[in-house]
Amino acid sequence: MTAIPHEAMGRQLVAAARWRPAEWVFWLFAAATVLLFPDRYLILTEVAWLGLFALSLDLILGYAGIVSLGHAAFFGIGAYSAGLLAKHGLINEPVLALVVAGFAAAVVGFLTSFLVMRGSDLTRLMVTLAIALVLRELANRFSDITGGFDGLQGITVAPVLGLFEFDLFGKVGYIYCLSVLFLLFVLARRIVHSPFGLSLRAIRNNPLRAAAIGIPVNRRLIWIYTVAAFYAGVAGALFTQSSAIASLDVFAFDRSADLMLVLVIGGTGYLYGGLIGAAIFKLLQQEVSSLTPQYWQFWIGLVLVVIVLLGRQRIESAVTFVPRRIARLFGKEIAALPGGEAP
Amino acid sequence: MTYALETIDLKKQFGGLAVTRDLSLRIATGARHALIGPNGAGKTTVINLLTGVLRPNGGRILLEGSDITALPVHSRVLRGLSRTFQINQLYADLTPLETIGLAVSERLGHGGDWWRVLGTRADVNGEIAEHLARFHLLDVMGERTATLPYGKQRLLEIAVAIATRPRVLLLDEPAAGVPESERHDILAAVASLPRDVTVLLIEHDMDLVFSFADRISVLVNGAMLTEGAPDEVARDPRVKAVYLGEGADA
Ligand SMILES: Nc1ncnc2c1ncn2[C@@H]1O[C@H](COP(=O)(O)OP(=O)(O)OP(=O)(O)O)[C@@H](O)[C@H]1O
Ligand SMILES: [Mg+2]
């Protein structure tokens, strides 16, 4: 030991949280897409909100180990909140509406978290699935408010911050979605490197030991579940604001299941998995569906099967498979690297 | 007199099987107390009851005089009761640095902090350094726990318990399964535990028990057979009978 030990401790811990070169490249490229693909704003916008939605699931699945087949519940709450706020002119400014929609989803997340905390993975899958189904049924029942199967009609979105009007090509919409994604990503990154974020990984690794060092396990899980619901709500609100529609399918089971697929493709537990997965998923969807319009889901299914088979040595293969190198570039398994690896 | 830890008529059943029978155990403050007994006597169950992992079917548990019977696991830890596990319970994907950092953060009340990056608080870092150095973990502090040699993992199991700064520490067979070559470090760590920490040690190795303990309780079939100073227990014919054929060198 040459250095004073406790400073060395600090340096090594902080190094794990430092931005890596691959991350700078990733976000510079994301910003560059605005200039590079001017005729692709619609799909890029979809990638942005889907990426945020997947980031939300990664926070609970990849970090806290909470499985969910009903994450569309929060997406749907956010989508309808944003739609109703805009339609009835309650809050016209999109950013403020976005925050309110996120909080609406967070409240539902907090209240339902108590149901989700109980029981095993299997019961969690069932309970989350049931919550999404119940919400969808409620939206259907109160069709005078939600528009039922026709969806909310006549949503117009005011200029962002009163300055930037949504244009026909979707450029402003895309920049808006990408900016929100980036800001919430930075926040999520901060959270996962904090003691709170680390305690989630501890709980996922070993809940028995987590409690035995004084971590209030349930309280921590309830918090992250609520935060993730906020993220999903914002993703849903971005969806409504950028597409000017909200219909019952925001709560659909397909949406929750596709989200799992996104994380299977991108990998969990390093935050970029949801973003990379969302981009690949949307590209696959577009390419394959233009080749064989009827069967694109079959091909996506096939891709999924291949991925699961390749990664099945490990128990968690279905959700942790990702080319290890890519994940490592973004700082996963920093543990194995010496402290000097960071920029 | 208040004891560091006390149970009153503690009971636990698994279905029809009574595993803890009206156990009244008293551990004096500052004691080096050993709990021994044959395999399946219910020693680990007692620790699980004391720490709140299991709920008793009857009886009470007092920590420094106050009733903790109904408290959840993590609250007991914050009140100064900590343990190690017979079978390692560590975080496979975390490093020793993170594992200890987490325990120290929780103890100092920073565990719920979601903004500041771990490693930016000097008080936390200082304690981490102290624990890692004391338990010879500095050289492996940045490696995934799952990849550490078993002896190092066993040391980390004790280190993380100590990092919560317990006033009462429960050790469940700390040397179990440790190869002879790594055994010395574990025994030294146990021997050099801070004197102001009250320790309850479960152990099958009688050399360790008799070199360590100033008081011994003998548990058989979930009930207390006898309790006393080491030389009394060693002379007790009932204890010898229990261990006869067990191959223990008591
Ligand atoms: N969760 C459980 N469900 C049912 N039976 C259990 C459970 N835990 C322990 N037992 C039983 O309770 C008895 C006591 O087990 P315990 O682990 O407390 O013994 P022990 O004294 O620690 O043994 P060892 O020296 O082998 O560690 C055993 O018969 C065991 O099979
Ligand atoms: Mg045992």
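Here is a short report on the structure shown in this document. Please read all numbers here as calculations on a predicted model, not as lab measurements.

The rules behind the values
Residues numbered from 1 in each chain as written. Chains lettered and ligands numbered in written order. Predicted model: local features only at pLDDT ≥ 70, side-chain atom pairs only at ≥ 80, totals over all residues. Heavy atoms only, no water. Helix = DSSP H or I, 4+ residues; strand = E, 2+ residues; numbered from the N terminus. Rg over C-alpha atoms; globule rule 2.2 N^0.38 Å. Buried < 20%, exposed > 50% of the residue type's maximum accessible area, 1.4 Å probe, protein only. Contact = heavy atoms within 4.5 Å. Areas by Shrake-Rupley, 256 points an atom, 1.4 Å probe, with all protein chains shown as cover. Lys, Arg positive; Asp, Glu negative; His and termini not counted. Charge placed at Lys NZ, Arg CZ, Asp CG, Glu CD. Phe/Tyr/Trp six-rings, centres within 6.5 Å; stacked < 30°, edge-to-face > 60°. Donors = N, O, S within 2.8 Å, 3.2 Å for Na, K, Ca; no water. Polar contact = N/O pair within 3.5 Å; in protein donor to acceptor, adjacent residues only side chain to side chain. Near = heavy atom within 4 Å. Nonpolar A, V, L, I, M, F, W, Y, C, P; charged D, E, K, R; others polar.

1. With respect to the overall build of chain B
Next, step 1: Each helix and strand counted, chain B has nine helices and 11 strands in total.
Next, step 2: Taking 250 residues into account, the globule formula puts the C-alpha radius of gyration at 18 Å, and chain B, at 18 Å, falls close to it.
Next, step 3: The proportion of buried residues among the 250 residues of chain B is 56%.
Next, step 4: Of the contacts formed within chain B by residues at least 6 apart in sequence, a portion of 65% connects residues at least 24 apart.
Next, step 5: Counting only carbon and sulfur atoms, one obtains 52% of the accessible surface of chain B, whose full area is about 9,900 Å².
Next, step 6: A distance of 6 Å separates the average location of the 26 positive side-chain charges in chain B from that of its 31 negative side-chain charges.

2. Notes on the packing of aromatic side chains
Geometry of an aromatic ring pair is reported as the spacing of the ring centres plus the angle between the planes.
Residues and elements named next belong to chain A.
Next, step 1: Throughout the structure, instances matching the rule amount to 20 aromatic pairs over all chains.
Next, step 2: Relative to Phe185, the ring of Trp27 lies with its centre 5.1 Å away and its plane at 55 degrees, an arrangement referred to as tilted. Taken together, the residues Trp27 in helix α2 (residues 21–36) and Phe185 in helix α8 (residues 171–192) connect sequence positions 158 residues apart.
Next, step 3: Relative accessible area serves as the criterion here: at 10%, Trp27 is assigned to the buried category.
Next, step 4: Take Phe185: its relative accessible area is 0%, and that puts it in the buried class.
Next, step 5: For the ring pair Phe75 and Phe239, a centre distance of 5.6 Å and an interplane angle of 45 degrees mean the geometry is tilted. Here Phe239 lies in helix α11 (residues 217–243) and Phe75 lies in helix α4 (residues 72–87), a separation of 164 residues in the sequence.

3. Examining the coordination of the magnesium ion (ligand 2)
Under ideal tetrahedral coordination, the four donors around a metal are separated by 109.5 degrees; under ideal octahedral coordination, the six donors are separated by 90 or 180 degrees.
Residues and elements named next belong to chain B.
Next, step 1: Looking at the metal site, the magnesium ion (ligand 2) is ligated by Thr44 (OG1) and Gln86 (OE1), spaced 1.9 to 2.1 Å from it. Pair noted here: Thr44 is in helix α1 (residues 43–51) and Gln86 is in the loop between β7 (81–83) and α3 (96–107), with a separation of 42 residues, a long-range link.
Next, step 2: According to the relative accessible area criterion, Gln86 is partly exposed, its value standing at 30%.

4. Let's talk about the side chain of Ser82 of chain B
Next, step 1: The topology assignment puts Ser82 of chain B in strand β7.
Next, step 2: Residue Ser82 of chain B is classed as buried on the basis of its relative accessible area of 1%.
Next, step 3: Side chain to side chain, Ser82 of chain B and Thr164 of chain B meet in a polar contact 3.0 Å long.
Next, step 4: Discounting residues that sit within four places of it in the chain, Ser82 of chain B has contacts with Ala212 of chain A together with Ala161, Thr164, Pro166, Val168, Leu169 and Leu170 of chain B.

5. Side note on the site of ligand 1
Residue and element names in this part refer to chain B.
Next, step 1: Lining the immediate environment of ligand 1, one finds Phe14, Val19, Asn39, Gly40, Ala41, Gly42, Lys43, Thr44, Thr45, Gln86, Glu173 and His204.
Next, step 2: Between an oxygen atom of ligand 1 and a main-chain N or O atom of Ala41, the distance comes to 3.2 Å.
Next, step 3: For ligand 1, an oxygen atom lies 2.9 Å from a polar atom in the side chain of His204.
Next, step 4: Protein chains bury 61% of the 640 Å² of accessible surface belonging to ligand 1 in isolation.
Next, step 5: It is α1 that provides the largest number of residues to the shell around ligand 1, a total of three residues.
Next, step 6: For the shell around ligand 1, the residue count by class is three nonpolar, seven polar and two charged.

6. Digging into unusual backbone geometry
All names here are of chain B.
Next, step 1: One non-glycine residue, Asp22, lies in positive phi territory at about 40 degrees.
Next, step 2: Here Asp22 lies in strand β2 (residues 17–23).
Next, step 3: Owing to a relative accessible area of 45%, Asp22 belongs among the partly exposed residues under this scheme.
Next, step 4: The backbone of Arg165 shows a phi angle near 50 degrees, a positive value even though the residue is not glycine.
Next, step 5: Here Arg165 lies in the loop between α5 (150–163) and β8 (168–172).
Next, step 6: Residue class for Arg165 comes out partly exposed when judged on its relative accessible area of 40%.

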